[in-house]
Amino acid sequence: MLLEKQEHLARVVGLTSEDVQSLVMQLDAEFSSVEDAVQKKSDAFEKKLRRQLQAIENLSFRQQKWQQMRTMLLEKQNHLLGAGGLTPEANNTLIARLDRDFAA
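Just so it is clear, the model here is predicted, and its values are computed rather than measured.

Novice: Sorry, what's going on with the nonpolar core here?
Specialist: Across soluble globular proteins, you tend to see nonpolar side chains buried next to one another. Leu49, Leu53, Trp66, Met69, Leu73, Leu80, Leu86, Leu94, Ile95, Leu98 and Phe102 together form the largest nonpolar core, which totals 11 residues. Where this core is concerned, the elements lending two or more residues are α2 (17-54), α3 (59-75) and α5 (88-102). Take this core: its biggest share by element is 4 residues, from α5. In this view, Leu98 contacts Leu49, Arg50, Trp66 and Ala103; residues no more than four positions away in its chain are not counted.

Right under this line is the structure:
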């Protein structure tokens, strides 16, 4: 978007084309870094949930615990977005993966 508005930025803010391109590259690098951090946090969260479930040897109790966790993930979806960057889509994907491994 910044590249599309280069001329406008040059006029209004006084940025050259090179300045805009440099800014775009910096923002891309920063955004990529943030995305990596969010992904690492999400991966760590999933591993934590899996460890908790795998620690329960009794299959019936494990399934019961998974249902509790599943309900919590659905109820706290908005909090998970703010706290860990877990989007509703990512949350649903996480639930599907854990359902596959622990629901039955």
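Novice: When you look at the pattern of salt bridges in this model, what are you seeing that I'm missing?
Specialist: Two side chains with opposite charge may pair up if their charged atoms get near one another. Summed over the entire model, instances satisfying the criterion amount to 5 salt bridges. We note a salt bridge from Glu46 to Arg97, for which the minimum N-O separation is 2.5 Å. Remark: Arg97 occurs in helix α5 and Glu46 occurs in helix α2; sequence separation between them is 51 residues. On the basis of relative accessibility, which here comes to 11%, the residue Glu46 falls in the buried class. Because the salt bridges share partners, they merge into one network encompassing Glu46, Arg50, Arg97, Arg100 and Asp101.

Novice: Explain the confidence of the model for the protein chain here, please?
Specialist: Caution is warranted with low-pLDDT regions, since their predicted coordinates should not be read in detail. Counting all residues, the mean pLDDT for the protein chain is 84, and 88% of those residues have values of 70 or more. The element-level mean pLDDT for the protein chain is lowest in helix α1 (residues 6-12), coming to 67, with α3 highest at 95.

Criteria and thresholds
Residues numbered from 1 in each chain as written. Predicted model: local features only at pLDDT ≥ 70, side-chain atom pairs only at ≥ 80, totals over all residues. Heavy atoms only, no water. Core = buried A, V, L, I, M, F, W, Y, C linked by side-chain atoms within 4.5 Å. Buried < 20%, exposed > 50% of the residue type's maximum accessible area, 1.4 Å probe, protein only. Helix = DSSP H or I, 4+ residues; strand = E, 2+ residues; numbered from the N terminus. Contact = heavy atoms within 4.5 Å. Salt bridge = Lys/Arg side-chain N within 4 Å of Asp/Glu carboxyl O. pLDDT = per-residue confidence, 0-100.

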